[in-house]
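Coordinate analysis (summary)
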Amino acid sequence: MISNVIYFLSHLQLYLLPLVETLGGWVYIALFAIIFMETGLVVFAFLPGESLVFFASTLAAITGSSLDIKILVPVFFFAALIGDTVNYEIGCNLHKLPFFKKFISEDKLAKAQAYFAKHGGKTVMFGRFIPLIRTFIPLISGSARMDYRRFCIYNLLGVLIWVFLGSSLGYFFGQLNFVQNNFSVILVAFGLISIIPGAIVSLYRLIRSKQVI
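Residues numbered from 1 in each chain as written. Predicted model: local features only at pLDDT ≥ 70, side-chain atom pairs only at ≥ 80, totals over all residues. Heavy atoms only, no water.

1. Looking at the overall build of the chain
For the chain, the helix and strand inventory stands at 10 helices and 0 strands. Counting from the amino terminus, helix and strand elements in the chain follow one another as α-α-α-α-α-α-α-α-α-α. When burial is assessed residue by residue, the chain has 38% of its 213 residues classed as buried. Carbon and sulfur atoms make up 72% of the accessible area of the chain, which totals about 12200 Å². (Helix = DSSP H or I, 4+ residues; strand = E, 2+ residues; numbered from the N terminus. Buried < 20%, exposed > 50% of the residue type's maximum accessible area, 1.4 Å probe, protein only. Areas by Shrake-Rupley, 256 points an atom, 1.4 Å probe, with all protein chains shown as cover.)

Laid out in structure tokens, this is it:
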């Protein structure tokens, strides 16, 4: 049951069409929440990020779609920007939790602070383009006491480029005739491709278990 819920949440981009049809204008709030949680709360790092931005922008380019790219872009931008900022603030307050000092020594914290003082800007900016990692970087930046103003500047640049590239490529993709006529098929194909790695691993484990027996 839990695995099914996680699969659904981590592949929300595959359910864009029914999501839009069901929620109507409220879908923008749902998309904001998804990107915000994926960016700002580490427990939701498995949620889709750029794939959701890409396919939502693709759907916005499909003739007859109710999604508007002019609304989508600021929704994604502010969701990611606010999410990163919240994550940074959480990191700044981690030292107040009992387990923090237990697992993070003063030596490790000092090394993290030295690293972010020197390389924090490019880490925050380019880390935005790495799934999973981007959710933890703002948290670590905050806990390492990276200068807030510096964090905001590089985070703003990273989010701006991330949203611009994802939405632009998605919107361009959605204008292709083949995509216009086969968007549902493309989403299904994407879903099938995404489960191939897991299927291969399961098949490998099954074969190995048979050999052991």
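Having seen it, we continue.
2. Here's the deal with the environment of leucine 47
Looking at the secondary structure, you find leucine 47 in the loop between α3 (27–40) and α4 (50–61). Separated by 11 residues in the primary sequence, leucine 47 and phenylalanine 36 place their C-alpha atoms 9.9 Å from one another.

3. Some details on the environment of cysteine 152
Position of cysteine 152 among the secondary structure elements: in helix α9 (residues 148–174). Residues cysteine 152 and methionine 125, 27 residues apart in the sequence, show an inter-C-alpha distance of 10.0 Å.

4. Remarks on the pattern of salt bridges
Throughout the structure, instances matching the rule amount to 3 salt bridges. Among the ionic pairs, glutamate 38 bridges to arginine 134, the shortest N-O distance being 2.9 Å. Placement of the pair is glutamate 38 in helix α3 and arginine 134 in helix α8 (residues 133–143), with a sequence separation of 96 residues. Of the residues examined, glutamate 38 reaches a relative accessible area of 1% and is grouped as buried. Accessibility expressed as a relative area gives 2% for arginine 134, which makes it buried. Here arginine 128 and aspartate 84 are joined by a salt bridge, their closest N and O atoms 2.8 Å apart. Taken together, the residues span a long stretch of sequence, with arginine 128 in the loop between α7 (106–127) and α8 and aspartate 84 in helix α5 (residues 69–92) at a distance of 44 residues. (Salt bridge = Lys/Arg side-chain N within 4 Å of Asp/Glu carboxyl O.)

5. Let's talk about the side chain of arginine 128
We classify arginine 128 as buried; its relative accessible area is 2%. In this view, arginine 128 contacts Thr39, Ala80, Asp84, Arg134, Gly158, Val159 and Trp162; residues no more than four positions away in its chain are not counted. (Contact = heavy atoms within 4.5 Å.)

6. Some words on a nonpolar patch on the surface
Where nonpolar side chains cluster on the molecular surface, the patch consists of Phe126, Phe129, Ile130, Ile133, Leu160, Ile161, Phe164, Leu165 and Leu169 and spans about 840 Å² of accessible area. Locating phenylalanine 164 in the fold gives a position in helix α9. Exposure remark for phenylalanine 164: the relative accessible area of 56% places this residue in the exposed category. (Patch = residues over 30% accessible without salt bridge, like charges linked within 9 Å, V, L, I, M, F, W, Y side chains within 5 Å.)

7. A look at the nonpolar core
Within the largest apolar cluster, 31 residues are counted, with the highest numbers of intra-cluster contacts made by Leu16, Leu31, Ile35, Leu59, Leu67, Leu72 and Phe76. Going through the elements one at a time, α2 (16–23), α3, α4, α5, α9 and α10 (177–212) are the ones with two or more residues in this core. Among the elements that make up this core, the one with the highest residue count is α5 (8 residues). Counting residues in hydrophobic clusters, the runner-up holds 8 residues, among them Tyr88, Cys92, Ala144 and Met146. (Core = buried A, V, L, I, M, F, W, Y, C linked by side-chain atoms within 4.5 Å.)

8. Here's the deal with α3
Taking 1.5 Å per residue as the helical rise, α3 with its 14 residues ought to reach 20 Å, and the 19 Å between its terminal C-alpha atoms agrees with that figure. Within α3, the full set of buried residues consists of Val27, Tyr28, Leu31, Ile34, Ile35, Phe36, Glu38, Thr39 and Gly40. Residues of α3 that are buried sit in contact with α2, α4, α5, α8 and α9. (Expected span 1.5 Å × (residues − 1).)

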